[in-house]
Amino acid sequence: MQRRRRGVDVGLILLFSQIFQVGLENIPPVTLGTLALNVFLFLKPLKPLLKVCISVDQGYYQKDWQRLLLAPVHHANDWHLYFNMVSLLWKGIKLERKLGSVLFGYIIAVFSVLIGIVYMVLEFALAGLLNDPSYKMNCAVGFSGVLFALKVLNNHHHPGGTSNIMGIRVSSRYACWLELVAIHLCSPGTSFAGHLAGILVGLMYTLGPLKMLMKATAGLHMVLVKWGEMQILHICVFRNTNHRPSPATPYVAFPTLMIL
């Protein structure tokens, strides 16, 4: 099923208006890049929506794991894109300035994939508990799961505030839970499991082992990179020390020898 395009995408125009009101120079690079990627793939989708959405059937049974990467950055229509990207704009500005671009980009990448996995686990569990295999066919697309995770993360780093959810003032600490229920009641077509997966991944990072695991993985990556650099340096130095200069050329010692 391909997205139908009818006339002007009003949501897209409003999104561009919002971005330029904020000012491109005021949007941190990872947030701006993520916005640009989502907008580009809305205008030029890699595949039809039914070929990028994530479900238990397509992701787990059919082994189409690329959907974990594609589903979060594709959107059903311009309003879907608008609301998600405006939310990303404000959350991204606050969190990227707080955490730094490298860590924020790392979080976005890990959350995007992990939320798809947790979503499939939730749908698989619902199918078993309710004895309804249709849950395995539910196919989700969009960035809102990541936004729920970022909302949990934002409330963790900026505690003490309050939010207004449908006229109800509630502590920001619990706002994501009320918003989860409110969105599901007002828009039955939205993915309750996908939004819940976002909240759970956010809690796994702020209260669970995910943050520690991500730091350990990043540390291991840096160790492997340094080890690779030292191996390349060792090979270069070994070759240099075994090179015999011609009699007409004076031997020149390389400064890199001092590193070893």
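So, how was this worked out
- Residues numbered from 1 in each chain as written.
- Predicted model: local features only at pLDDT ≥ 70, side-chain atom pairs only at ≥ 80, totals over all residues.
- Heavy atoms only, no water.
- Helix = DSSP H or I, 4+ residues; strand = E, 2+ residues; numbered from the N terminus.
- Buried < 20%, exposed > 50% of the residue type's maximum accessible area, 1.4 Å probe, protein only.
- Contact = heavy atoms within 4.5 Å.
- Areas by Shrake-Rupley, 256 points an atom, 1.4 Å probe, with all protein chains shown as cover.
- Disulfide = S-S within 2.5 Å.
- Expected span 1.5 Å × (residues − 1).
- Axes fitted to C-alpha atoms, helices over the stretch in contact; angles between N-to-C directions.
- Parallel < 35°, antiparallel > 145°, perpendicular 65-115°, else oblique.
- Left-handed = near helix turned anticlockwise from the far one by under 90°.
- Nonpolar A, V, L, I, M, F, W, Y, C, P; charged D, E, K, R; others polar.
- Patch = residues over 30% accessible without salt bridge, like charges linked within 9 Å, V, L, I, M, F, W, Y side chains within 5 Å.
- Salt bridge = Lys/Arg side-chain N within 4 Å of Asp/Glu carboxyl O.
- Phe/Tyr/Trp six-rings, centres within 6.5 Å; stacked < 30°, edge-to-face > 60°.
- Lys NZ or Arg CZ within 6 Å of the ring centre and 35° of its normal.
- Arc of directions from axis to C-beta.

Caption draft 1: Summary view of the overall build of the chain. Helix and strand counts for the chain stand at ten helices and two strands. Walking the chain from its N terminus toward its C terminus, one meets helices and strands in the order α-α-α-α-α-α-α-β-β-α-α-α. For the chain, the residues scored as buried account for 39% of the 260 residues in total. Sequence separation of at least 24 residues holds for 73% of the intrachain contacts in the chain that already meet a minimum separation of 6. Accessible surface, the chain: about 15300 Å² in total, of which carbon and sulfur atoms supply 67%.

Caption draft 2: Geometry of the state of the cysteines. Using the criterion set out here, one finds one disulfide in the structure. Disulfide pairing is shown between Cys53 and Cys139; the S-S distance is 2.0 Å. Around the S-S axis, the bridge from Cys53 to Cys139 shows a dihedral of about 90 degrees and counts as right-handed. With Cys53 in the loop between helix H2 (29-43) and helix H3 (56-61) and Cys139 in the loop between helix H6 (101-129) and helix H7 (144-157), this pair connects stretches of sequence that are 86 residues apart. In this structure Cys53 comes out as buried when scored by relative accessible area, which is 3%.

Caption draft 3: Representation of helix H9 (residues 192-206) in the model. Counted at 1.5 Å a residue, the expected span for H9 with its 15 residues is 21 Å, and the 21 Å between its end C-alpha atoms agrees. Most of H9 is tucked away: eleven of the 15 residues are buried. When H9 is considered as a whole, its buried residues turn out to be Ala193, Gly194, His195, Leu196, Ala197, Gly198, Ile199, Val201, Gly202, Tyr205 and Thr206.

Caption draft 4: Spotlight on the environment of Leu14. Its place among the elements puts Leu14 in helix H1 (residues 10-22). Residues Leu14 and Val86, 72 residues apart in the sequence, show an inter-C-alpha distance of 9.5 Å. The contact partners of Leu14, leaving out residues within four places of it in the chain, are Trp79 and Tyr82.

Caption draft 5: View of the packing of H1 against H2. Taken N-terminus to C-terminus, the directions of H1 and H2 make an angle of 160 degrees; their axes are 13 Å apart at the nearest point. Here H1 lies roughly antiparallel to H2, going by the angle between them. At the point where H1 passes H2, the crossing takes the left-handed sense. Residues Leu12, Leu15, Phe16 and Ile19 of H1 touch H2, and the partners they reach there are Leu35, Val39, Phe42 and Leu43. Split by residue class, the contact of H1 with H2 holds eight nonpolar, no polar and no charged.

Caption draft 6: Layout of a nonpolar patch on the surface. Taken together, the side chains of Val10, Leu14, Trp79 and Phe83 present a nonpolar region at the surface, about 380 Å² in accessible area. Where the nonpolar patch is concerned, the elements lending two or more residues are H1 and helix H5 (78-99).

Caption draft 7: Local environment of the packing of aromatic side chains. A complete count under the given rule lists five aromatic pairs for this structure. For the ring pair Tyr82 and Phe83, a centre distance of 5.1 Å and an interplane angle of 65 degrees mean the geometry is edge-to-face. Owing to a relative accessible area of 15%, Tyr82 belongs among the buried residues under this scheme. In this arrangement the basic side chain of Lys63 is found over the ring face of Tyr60, its NZ or CZ atom lying 4.7 Å from the centre.

Caption draft 8: Region of interest: H2. Across its 15 residues, H2 extends 21 Å between first and last C-alpha, which sits within 8% of the 21 Å expected from 1.5 Å per residue. For H2, every residue scored as buried is listed here: Thr31, Thr34, Leu35, Asn38, Val39, Leu41 and Phe42. Take H2 and look down its axis: the buried residues cluster within an arc of 170 degrees, on one side only. Against the buried residues of H2 lie H1, H5 and H6.

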